[in-house]
Amino acid sequence: MLHLRRCTWRMKNLRAYYTVKNEQLPKDPQQVAKQIFSKIKATGPITVADYMKEVLISPVGGYYMHKDVFGEAGDFITSPELNQMFGEMIAIWFLNEWSKVGSPKPFQIVELGPGRGTLSQDLLRVFDHFGALKGATLHLVEVSPVLSDIQARRLCIQTDNILDQKSVIYRQGITHQGIPVKWYRQIDDVPNCFTLLVAHEFFDALPIHKFQRINDRYKEILIDIDTSKDYSFRYVLSKEDTPASKLFIKSSENRDHFEVSPESLVIIKKVADRLEADGGFALIADYGHNGNGTDTFRAFRKHKLHDALIEPGTADLTADVDFHRLAHSASEAGGVICLGPKAQRDFLLNMGIEHRFRALEENVKPELKEGLQYGYKMMTDKEQMGERFKFLALLPAVLKKMVEKYPVAGFH
Ligand SMILES: C[S@@+](CC[C@H](N)C(=O)[O-])C[C@H]1O[C@@H](n2cnc3c(N)ncnc32)[C@H](O)[C@@H]1O
């Protein structure tokens, strides 16, 4: 069975990967469980959002913070890791939109949550191929020290850690194409400049609150200690209204169960404000729904579904992105327009992935052919990643007339 959290890993050696030494892993597999246990004991049940944050990015034992979680030896595989065509289509999209507004320089490529750095690597390769890197800088927003190290080794000819604790840049380097690259923990610290921003499978990793309707009233779902076993947890319903239930339940809401990611709404608003002020384009790709999703919170370990409350920190936690709410938060103030969400299959086919696939298929070494075909099918098949994954584009609202005249590639 295909696990729709990214996809199951089948083909070996689709791309070449770096690995991370095991001594970087936390020694106690129950470390995160113990932290959460103490927190709940001290303050009472916590929100699913607090739980997710602690599990995924706690500096001590957080899932993303200590190991390479991708690929065959990890827990999941993402489209940029499957094969180069995914990044190439995204690069062509940016090149196309950027050239329509006169290719402003200087400009910066920004990636949120770059994983192994593979998508940025493909973007730089294609921009370089078209001689479009003059005046470019690369800016990566990444919380994980281990993943930033993998990104640096993949992208750079030379890098330095920045030891000054006051600096918002914690690492910097020069890419193989000679482009300066810097690493930040949050988007607020990325400089202001004309921006081409991409976020692939970033928003699904951000914390969500969960709500359940009981007798016509919404209750927030919280996480409490399960006293029947050591360091184990259970879901409970909030007795009272919570700050999130007061703030995030719309009067028009009619689902029995739904999820909201306030952090995602804040980040997309920051992206929108930047595009309005500095100019640029953003492309958000993730699995998600258009405001009709319900209970999508889940965990993956070793390419299989896993109980999100068992051994926290050893499995990935994720929830489908609510593109409707994301687009609303981005465009509410009127500074940007949003296009999509468009199914990944439609976006990639509109961008010409089939032609690229056929060209590569003709020229690829025989031993790599099966991997290429597998990657193409995974990314475009309706039953696999083709429909569940979606693309959302953000453009400054001043381009509205231009967009009407010259439709945005991939979205028509
Ligand atoms: C699911 S991975 C996706 C990686 C990559 N974009 C890809 O598609 O292969 C999520 C990425 O976001 C990073 N991340 C998760 N939470 C984050 C946060 N709050 N701020 C910055 N980065 C975060 C992770 O460390 C990881 O690099």
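Residues numbered from 1 in each chain as written. Predicted model: local features only at pLDDT ≥ 70, side-chain atom pairs only at ≥ 80, totals over all residues. Heavy atoms only, no water.

The protein chain is annotated in an unreviewed UniProt entry as Protein arginine methyltransferase NDUFAF7 from Zophobas morio. UniProt's Catalytic activity (unreviewed entry) comment on the protein chain is quoted here verbatim: "L-arginyl-[protein] + 2 S-adenosyl-L-methionine = N(omega),N(omega)'-dimethyl-L-arginyl-[protein] + 2 S-adenosyl-L-homocysteine + 2 H(+)". According to the UniProt record, the Sequence similarities (unreviewed entry) comment for the protein chain is "Belongs to the NDUFAF7 family." (UniProt positions renumbered as here; feature names shortened; annotations may be inferred.)

## Remarks on the packing of aromatic side chains
If you walk through the whole model with that rule in mind, you get 19 aromatic pairs. For the pair F202 and F203, a centre-to-centre distance of 5.2 Å together with 80 degrees between the ring planes defines the contact as edge-to-face. An aromatic cluster of three or more residues is present, and its members are F86, W93, F94, F194, F281, F347, F391 and F411. Sitting over the face of the ring of W183, R171 holds its NZ or CZ atom 5.9 Å from the ring centroid. (Phe/Tyr/Trp six-rings, centres within 6.5 Å; stacked < 30°, edge-to-face > 60°. Lys NZ or Arg CZ within 6 Å of the ring centre and 35° of its normal.)

## Focus: the confidence of the model for the protein chain
Overall, the prediction assigns the protein chain a mean pLDDT of 92, with 93% of residues at 70 or greater. Across residues 1-23, where pLDDT falls below 50, the model places 83 contacts with residues more than four positions away in sequence or in other chains. (pLDDT = per-residue confidence, 0-100. Contact = heavy atoms within 4.5 Å.)

## Focus on the environment of I77
Note that I77 resides in the loop between helix 2 (48-57) and helix 3 (79-82). Residue classification places I77 among the buried positions, given a relative accessible area of 0%. (Helix = DSSP H or I, 4+ residues; strand = E, 2+ residues; numbered from the N terminus. Buried < 20%, exposed > 50% of the residue type's maximum accessible area, 1.4 Å probe, protein only.)

## Section: the sheet that holds strand 13 (residues 298-301)
Spatially, the 3 strands line up as an open sheet ordered 14-13-15, and their pairing is antiparallel. Both outer strands of the open sheet, strand 14 (304-306) and strand 15 (316-318), are each paired with one neighbouring strand and no more. Direction aside, the axes of adjacent strands within the sheet are offset by 40 degrees on average. Bridge count between strand 13 and strand 14: 3 bridges; the pairing is antiparallel. When the bridges of strand 14 are listed, R301 appears paired with K304. (Pairing = 2+ DSSP bridges. Axes fitted to C-alpha atoms, helices over the stretch in contact; angles between N-to-C directions.)

## Digging into the side chain of R274
Residue position: R274 is located in helix 8 (residues 262-278). Of the side chains with opposite charge, D278 comes closest to the buried, unpaired R274, at an N-O distance of 4.7 Å. Of note is the side chain of R274, whose polar atom sits 3.0 Å from the backbone oxygen of I187. In contact with R274, not counting residues within four places along its chain, are Q108, I187, D188, V190, P191, N192 and G279. (Lys, Arg positive; Asp, Glu negative; His and termini not counted. Salt bridge = Lys/Arg side-chain N within 4 Å of Asp/Glu carboxyl O. Polar contact = N/O pair within 3.5 Å; in protein donor to acceptor, adjacent residues only side chain to side chain.)

## Topic: the pattern of salt bridges
Here the structure, examined in full by the defined rule, presents 27 salt bridges. Here D122 ties to R125 by a salt bridge, and the two come within 3.1 Å at their closest N and O atoms. With D122 and R125 both in helix 5 (residues 118-129) and 3 residues apart, the pair spans about one turn of that helix. Taking relative accessible area as the criterion, R125 reaches 32% and is therefore assigned partly exposed. Overlapping salt bridges, with partners in common, bring together E88, D122, R125 and R356 in one network.

## A few points about the packing of helix 1 (residues 31-43) against helix 2
At a closest axis distance of 10 Å, the pairing of helix 1 and helix 2 adopts a crossing angle of 150 degrees. Accordingly, the angle class assigned to the pair helix 1 and helix 2 is roughly antiparallel. Seen along the crossing, helix 1 lies across helix 2 with a hand that is right-handed. The segment helix 1 lies against helix 2, with V32, Q35, I36 and K39 engaging Y51, E54 and V55. Of the residues contributing to the contact of helix 1 with helix 2, the split by class is 4 nonpolar, 1 polar and 2 charged. (Parallel < 35°, antiparallel > 145°, perpendicular 65-115°, else oblique. Left-handed = near helix turned anticlockwise from the far one by under 90°. Nonpolar A, V, L, I, M, F, W, Y, C, P; charged D, E, K, R; others polar.)

## Side note on the domain arrangement of the protein chain
The domains assigned to the protein chain are domain 1 (22-207 + 260-405) and domain 2 (211-248). Each of domain 1 and domain 2 has a C-alpha centre, and the two are 30 Å apart. With 19 residues of domain 1 at the contact, the number on the domain 2 side is 13 residues. Both sides together, the interface formed by domain 1 and domain 2 hides about 1500 Å², and carbon and sulfur atoms give 76% of it. The largest per-residue losses of area from domain 1 upon contact with domain 2 belong to F37, P45 and L309, which jointly make up 35% of the total buried on that side. Our count for the contact surface shared by domain 1 and domain 2 stands at 0 salt bridges. Seen at the junction of domain 1 and domain 2, the total is 2 residue pairs in polar contact (both at pLDDT 80 or more). (Domains from an automatic or database assignment. Buried area = accessible area lost by both parts, 1.4 Å probe.)

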